[in-house]
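Fold and contact review
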Amino acid sequence: MNNTYVIAEAGVNHNGSLDRAMDMVDCAVAAGANAVKFQTFIAENLVTAQAPKARYQQQTTGSGSQLSMLKQLELTHQDHFALAKRCAEKGIEFLSTPFDIPSLHFLVASHLVRRIKIPSGELTHGPLLYAAAQTGYPLIVSTGMADPDEIGWALRVIVCGWRGDDPAHIDGRDPFVPAVDSLRGRVTLLHCTTSYPTPMEAVNLSAMVTLRQTFHTDVGYSDHTRGITIPIAAVALGAMVIEKHFTLDRNLEGPDHRASLEPDELTAMVQGIRQVERAMGDGIKRPDQVERGNAAVARKSVHASRFIPRGAKFTADNLAIKRPGTGRSPQDYWRLLGTRASRDYDADDPID
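First, a word on what this report is: a plain description of the structure on this page. Since this is a predicted model, take the numbers as computed values, not measurements.

We now examine the overall build of the protein chain. Counting its regular elements, the protein chain contains 14 helices and 10 strands. In terms of overall dimensions, the protein chain is more spread out than a globule: its C-alpha atoms have a radius of gyration of 29 Å, far above the 20 Å expected for 352 residues. Its C-alpha atoms give the protein chain principal-axis dimensions of about 100 × 45 × 35 Å. When the 352 residues of the protein chain are sorted by exposure, 46% land in the buried category. Long-range pairs, those at least 24 residues apart, make up 66% of the contacts in the protein chain with a sequence separation of at least 6. Total accessible area on the protein chain is roughly 17,300 Å²; 50% of this is exposed by carbon and sulfur atoms. Of the charged side chains in the protein chain, 37 are positive and 40 negative; the average position of the first set lies 9 Å away from that of the second.

A cis geometry characterises the amide bond from Tyr196 onward to Pro197, with omega recorded as -5°. A cis geometry characterises the amide bond from Arg323 onward to Pro324, with omega recorded as 5°.

Let us now look at the nonpolar core. Burial of nonpolar side chains together is a common tendency in soluble globular proteins. Val36, Phe38, Leu155 and Phe246 are the most contacted members of the largest nonpolar core, which totals 70 residues. When sequence neighbours within four positions are dropped, the list of residues in contact with Val36 reads Ala8, Ala10, Met24, Val25, Ala28, Cys87, Ile92, Glu93, Phe94, Leu95 and Phe246.

The element strand S3 (residues 93-98) is largely enclosed, with a buried count of six among its six residues. Here S3 shows two buried faces, one formed by Glu93, Leu95 and Thr97 and the other by Phe94, Ser96 and Pro98. Of the strand pairs in this sheet, strand S2 (residues 35-40) and S3 are connected by six bridges, and their pairing is parallel. Looking at the pairing, Gln39 lines up with Thr97 of S3.

Our next topic: the environment of Leu70. Looking at the element boundaries, Leu70 is found in helix H4 (residues 66-71). In the structure, Leu70 is positioned 55 residues away from Asn15 in sequence and 9.5 Å away in space, judged by C-alpha atoms. Not counting residues within four places of it along the chain, the set of residues in contact with Leu70 comprises Phe41, Ala43, Leu46 and Val47.

Rules behind the numbers
The written sequence of each chain sets the order in which its residues are numbered from 1. Totals for whole chains, interfaces and linings use all residues, but because this is a predicted model, local features are given only for residues with pLDDT of at least 70 and pairs of side-chain atoms are given and counted only at 80 or more. Excluding hydrogens and water, the side-chain values take into account all heavy atoms of the structure. Counting from the N terminus, the helices are the DSSP runs of H or I reaching at least four residues and the strands are the DSSP runs of E reaching at least two. Only the C-alpha atoms count toward the radius of gyration. The rule for a globule is 2.2 Å times the residue count to the power 0.38. Burial status follows relative accessibility: with a 1.4 Å probe on protein chains alone, a residue under 20% of its type maximum counts as buried, one over 50% as exposed, and anything between as partly exposed. Two residues form a contact once any of their heavy atoms are found within 4.5 Å. Shrake-Rupley sampling with a 1.4 Å probe provides the accessible areas, and residues are treated as covered by the protein chains on show and by no other component. Neither His nor the chain ends contribute to the count of charged residues, in which Lys and Arg are positive and Asp and Glu negative. All charge positions are set by atom: Lys at NZ, Arg at CZ, Asp at CG, Glu at CD. Each nonpolar core is a collection of buried residues, namely Ala, Val, Leu, Ile, Met, Phe, Trp, Tyr and Cys, held together in the definition by side-chain atoms within 4.5 Å. Only when DSSP finds a minimum of two bridges between them are two strands counted as paired.

The structure is reproduced here in structure tokens:
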């Protein structure tokens, strides 16, 4: 059975309010998620003053710069400590995505996180990847907007960080050929489509399987579709990590609320994932204990279709295959033809 690590992505849906962020921790706990994740950044380190908003951000927050929008969504260091404490009290793992190196160092030096999530937008941010790898923490790396060459380049940077090698020699055009199992357990690649919300025809969920086959890592799925169908399907395809945005109210102002789950939907998603985990089983095809009692009722056996006297030959005319399956298996039907009855059989008697 899989043990899917479910990340309830609070992101910036707290809208800069610590009280709302605290309520989101409680919501993630109630839903049964393994972790609740926020975002750690210094807006001036993340964007220039001239950086425009994405189209979906313009649709949800109006005009203006990314910088002005992000400044309102920052969490202070004290907010982080308060949220981590709340998570510890509630028994859920605290996660936060660093978007710049100072934020990464803060999270690690303060012992706030046990693993590091690299967002899709930072996949080509070599210095951040290198610094994250040097921590020795397990890495969860989203791959939205990326092609295999970019993913391979990012993994080479990560390996250099682990080893303390100089990454300057890495060429993004070189193929990445990992040793089998060299990354498994240390890096999890998340398939992702960076579109908010993601239309179904753009999900390409099978690419998650391709990531596992190509890079020999654990894989998961970071979802931006509406609803809960696709993350549950990803678990059936072998996702070890599921990340999904949620909000306390989809009608709140902010860039990500409209593409997020509300609390009851988050709960339903986690429940669906846990059901799929139980349903996956061990892959061995065999009769399960719960169905053994039905075999006699649902299967058939060989019966006499009319009176058959002792010594008469069994033929297609005097044998029938009927329920219940308490007699001789129909698998023996052809072997019985032409043999002789060892006793009298009345109609419908099972052949022994």
